[in-house]
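The lines below spell out each chain.
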Amino acid sequence: QVQLVESGGGLVQAGGSLRLSCAASGRTENIIVIGWYRQAPGKQRELVASIMSGRGTKYDDAVEGRFTISRDNANNTVYLQMNSLKPEDTAVYYCNAEARSSWYVNKYWGQGTQVTVSS
């Protein structure tokens, strides 16, 4: 019902910037929350930032002030602007959406994009 396609990952030096994109298609009008998770080697997957429809944004303490989540004018694409990157930010980043389906809320995932920050 919802498809997510990610892009923008890559290799960057510490202190540099990257912008991740997540293009959503399908029944996007049913999306309640859309955001970004990341998973580093040996670590659990963690929520980085999210947008709650009709409300606002939230950030993990580790990235607040450095990362910014936003939507395009049509609310079909979600971005994660990543500034002042640190080696600790190295991870696979996943776009995630929660969407209503009848009486249930389903979670959808993008394929993941690798972000590597060199020291």
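Details of the structure are given in the entry above.
The sections below set out a description of the structure shown in this document. (Residues numbered from 1 in each chain as written. Predicted model: local features only at pLDDT ≥ 70, side-chain atom pairs only at ≥ 80, totals over all residues. Heavy atoms only, no water.)

### Regarding the pattern of salt bridges
- The full count for this structure, using the stated rule, is 4 salt bridges.
- Note that Glu-29 and Arg-27 form a salt bridge whose closest N and O atoms lie 2.4 Å from each other.
- In this structure, Arg-66 engages Asp-89 in a salt bridge whose closest nitrogen and oxygen atoms are separated by 2.8 Å. Within this pair, whereas Arg-66 is found in the loop between strand S6 (57-59) and strand S7 (67-71), its partner Asp-89 is found in the loop between strand S8 (77-82) and strand S9 (91-101), the two being separated by 23 residues in sequence.
- Classification of Arg-66 by relative accessible area gives buried; the value is 12%. (Salt bridge = Lys/Arg side-chain N within 4 Å of Asp/Glu carboxyl O. Helix = DSSP H or I, 4+ residues; strand = E, 2+ residues; numbered from the N terminus. Buried < 20%, exposed > 50% of the residue type's maximum accessible area, 1.4 Å probe, protein only.)

### Examining the pairing of strand S1 (residues 2-7)
- Residue alternation in S1 divides its side chains into a buried set, Val-2, Leu-4 and Glu-6, and an unburied set, Gln-3, Val-5 and Ser-7.
- Pairing of S1 with strand S3 (residues 18-26) involves 6 bridges; the strand directions are antiparallel. Considered in S3, the bridge of Glu-6 is made with Cys-22. (Pairing = 2+ DSSP bridges.)

### A few points about the environment of Leu-11
- Relative to the elements of secondary structure, Leu-11 occurs in strand S2 (residues 10-13).
- Its relative accessible area of 65% is what places Leu-11 among the exposed residues.

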